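Examination of the molecular architecture
Take a look at the letters that make up each chain.
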Amino acid sequence: MPLTVHHLQYSQSERIPWLCEELGIPYTLKLYQRDPMLAPKAIKDLNPIGQAPIIQDGDLTLAESAACCEYIIHKFGNGRLALPPSHKDYADYIYWFHFSNGTLQPMELLVFSILRVQSEGPATARYKEMFERMLTIMDKRLRENKWLAGEEFTAADIMTVFSLTTMRAFDPIDLTKYKGILGYLKRVSEREGYKKARAKADPEMELMIEGKAPRQFEDKLKAEGKI
Ligand SMILES: N[C@@H](CCC(=O)N[C@@H](CS)C(=O)NCC(=O)O)C(=O)O
């Protein structure tokens, strides 16, 4: 099998096995556990930045979720799960493909980091308000559309779901009031590709599609006596 996917469990690299399952393409999956919170040395040996996902195709080693998605879609998937420029929803597709890693997730991380050191104050309030605005816009989009790009499920969905699910094992955002997002996560959880990817990539990980944030990863490690 030419394509190898290196997946750090409980992480955004879940996007890549999910993409491969949705495309129905063959791939070799290599799993890595966090040690205890960060990536193990084997990941750092593959990517000097020390982060997953990483894919390999022959002599090529490539990191960055969005780059890996585009590479796989165009090299192995015949462009499936991407919308071409001629498609009426092309602009929506590229906007939402980039929204999660470019805007939502950095803000989620910023709010989470600020809240760890200071629960109140103008900066906290400002960033919390901006983050909620982002979720509200996404919620409206998903009340009005089945998938982020419109009628078709695309790689924009694959790029986004981690920020709304597994990331909440680290950052306890409550999604209860965002009914559009919750309905969307339910639809995602019913996809065969998502189920297959979860079974292969993170078989022990709970499904994180409810409004309340799942049990925090740190608490899990403490309960297991790992930290
Ligand atoms: N922008 C990168 C971010 C990758 C990233 O932050 N990966 C995290 C997992 S969520 C990681 O490998 N963390 C391990 C570490 O920092 O030690 C991407 O989209 O691939």
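Going by the structure above, here's the rest.
Remember, it's a predicted structure, so these values are computed and weren't measured experimentally. (Residues numbered from 1 in each chain as written. Predicted model: local features only at pLDDT ≥ 70, side-chain atom pairs only at ≥ 80, totals over all residues. Heavy atoms only, no water.)

Some thoughts on the packing of aromatic side chains
Under the defined criterion, the tally for this structure stands at 11 aromatic pairs. When the centroid spacing of 4.7 Å and the interplanar angle of 55° are considered together, the rings of Y10 and F217 count as tilted. Remark: F217 occurs in helix α9 (residues 217–223) and Y10 occurs in the loop between β1 (3–8) and α1 (15–23); sequence separation between them is 207 residues. Of the two residues examined, Y10 and F217, each falls in the buried class. Arranged with centres 5.1 Å apart and planes meeting at 85°, the rings of W147 and F153 form a pair that is edge-to-face. Of the two residues examined, W147 and F153, each falls in the buried class. Each member of the aromatic cluster is reached from another via a ring pair, and the members are W18, W147, F153, Y184 and Y194. In this arrangement the basic side chain of R187 is found over the ring face of W147, its NZ or CZ atom lying 5.9 Å from the centre. Across from the ring centre of W147, 5.3 Å away, lies the NZ or CZ of R191, which sits over that ring. (Phe/Tyr/Trp six-rings, centres within 6.5 Å; stacked < 30°, edge-to-face > 60°. Helix = DSSP H or I, 4+ residues; strand = E, 2+ residues; numbered from the N terminus. Buried < 20%, exposed > 50% of the residue type's maximum accessible area, 1.4 Å probe, protein only. Lys NZ or Arg CZ within 6 Å of the ring centre and 35° of its normal.)

A short note on the site of the ligand
Residues in contact with the ligand amount to 14 residues; listed here are only the nearest, A39, A52, E64, S65 and N101. In this structure, A39 approaches the ligand through a main-chain N or O atom, which is 2.8 Å from an oxygen atom. Side-chain polar atom of E64 to a nitrogen atom of the ligand: 3.0 Å apart, as the coordinates give it. Surface burial for the ligand is 81%, taken as the share of its 510 Å² of free accessible area covered by protein chains. (Near = heavy atom within 4 Å. Polar contact = N/O pair within 3.5 Å; in protein donor to acceptor, adjacent residues only side chain to side chain. Areas by Shrake-Rupley, 256 points an atom, 1.4 Å probe, with all protein chains shown as cover.)

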